[in-house]
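# A structural walkthrough
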Amino acid sequence: MNFEVFTTSRIAGLLMLLSIAFMLAAVALIAAQGRLGGMSAAFSGVGPASEDASGLRTIARFAVPYPMAQLAGFALFTLLLIRAGDPGLSVIALVLLAFWSVLGAVEGSFQASVTTWAVEVAARTGEAPEFYEPLRRWLNAELPLMAPRTDQNESDAQ
């Protein structure tokens, strides 16, 4: 009996599970450090009362391995579908996932660097930098599915 342990479908599944494990590890690390509350600065804006947003930097450390494992797993799934005779939709889905991953990297880089810096400035000076809020709103408008739109909720509450 010929039994293969590392088949393409098993490797693809393991890579997808690995990508989920990367994100769970990032959240667990931030929660263990007590910095989970500061993550809200990415979505609700920055002010003098903003919590420490350095957890966003921790997330950024996982921002490369997570999509890479996910893309590799999805590419192997696409290869399996192409071999099975269904190349059309699987290739389109792979291209869209790659595009989504690039958008995620841009958004993650912004949150890990600019948002964290803006929180530090707000804590030191008492107010966020002038350009930060328009830039954050623009980013949330450009990537509406990547980050919840809290701007609309804030204007409805007033």
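Everything discussed here concerns the structure shown above.
Structural notes, computed from the coordinates.

Basis of the calculations
Chains are numbered independently. Their residues run from 1 in the order of the written sequence. At least 70 in pLDDT is required for a residue's local features to be given in this predicted model, at least 80 for side-chain atom pairs to be given and counted, and no such filter applies to totals for whole chains, interfaces and linings, which use all residues. In computing side-chain properties, one takes all heavy atoms of the structure into account and sets aside hydrogens as well as water. Helix and strand assignments follow DSSP, with helices taken as H or I runs no shorter than four residues and strands as E runs no shorter than two, numbered in order from the N terminus. Each residue's exposure class comes from its accessible area (1.4 Å probe, protein chains only) as a fraction of the maximum for that residue type: buried when under 20%, exposed when over 50%, partly exposed otherwise. Per-residue accessibility takes into account occlusion by the displayed protein chains alone, with areas from the Shrake-Rupley method and a 1.4 Å probe. The length a helix should cover is 1.5 Å for every residue beyond the first. The contact rule is simple, with two residues in contact once any of their heavy atoms fall within 4.5 Å. Throughout, an axis means a line fitted to C-alpha atoms (over the contacting stretch in the case of helices), and angles, computed between N-to-C directions, take values from 0 to 180 degrees. Oblique is the label for every angle not falling under 35 degrees (roughly parallel), over 145 degrees (roughly antiparallel), or within 65 to 115 degrees (roughly perpendicular). The hand of a helix crossing depends on one turn: near helix anticlockwise from the far one by less than a right angle means left-handed, and clockwise means right-handed. For this classification, the nonpolar set comprises Ala, Val, Leu, Ile, Met, Phe, Trp, Tyr, Cys and Pro, the charged set comprises Asp, Glu, Lys and Arg, and every other residue, Gly included, is treated as polar. Stacked, edge-to-face and tilted are the three classes for Phe, Tyr and Trp ring pairs, Trp counted by its six-membered ring, which pair at centre distances within 6.5 Å; planes under 30 degrees apart are stacked, over 60 edge-to-face, the rest tilted.

## Remarks on the overall build of the chain
Broken down by element type, the chain carries seven helices and zero strands. Along the chain, helices (α) and strands (β) appear in the sequence α-α-α-α-α-α-α when read from the amino end. Scored against the burial criterion, the 158 residues of the chain give a buried share of 30%. Carbon and sulfur atoms make up 68% of the accessible area of the chain, which totals about 9,500 Å².

## Remarks on helix α1 (residues 8-32)
Given a rise of 1.5 Å per residue, 25 residues ought to cover 36 Å, and the 36 Å separating the end C-alpha atoms of α1 matches this to within 8%. Against α3 (55-62) and α4 (65-83) lie the buried residues of α1.

## Digging into the environment of A105
Looking at where A105 falls in the secondary structure, it is placed in helix α5 (residues 87-125). Along the chain, A105 and A60 lie 45 residues apart, while their C-alpha atoms are 8.6 Å from each other.

## A short note on the packing of α1 against α4
Where α1 meets α4, the closest approach of the two axes is 8 Å, and the angle between their N-to-C directions is 155 degrees. By the angle between their axes, α1 is roughly antiparallel relative to α4. Between α1 and α4 lies a crossing whose hand is left-handed. In this structure, α1 contributes T8, S9, I11, A12, G13, L15, M16, L18, S19, F22 and M23 to the contact, and α4 contributes P65, Y66, A69, Q70, A72, G73, F74, L76, F77, L80 and R83. Grouping the amino acids of the contact of α1 with α4 by side-chain chemistry returns 15 nonpolar, six polar and one charged.

## Considering the packing of aromatic side chains
Following the criterion strictly, the structure yields two aromatic pairs and no others. Their ring planes at 5 degrees and their centres at 6.0 Å tell us that F110 and Y132 sit as a pair that is stacked. Linking F110 in helix α5 with Y132 in helix α6 (residues 132-142), this pair joins segments that are 22 residues apart in sequence. Measuring from ring centre to ring centre gives 5.8 Å for W117 and F131, while their planes differ by 20 degrees; the resulting arrangement is stacked. Residue W117 is located in helix α5, and its partner F131 is located in the loop between α5 and α6; the two are separated by 14 residues in the primary sequence.

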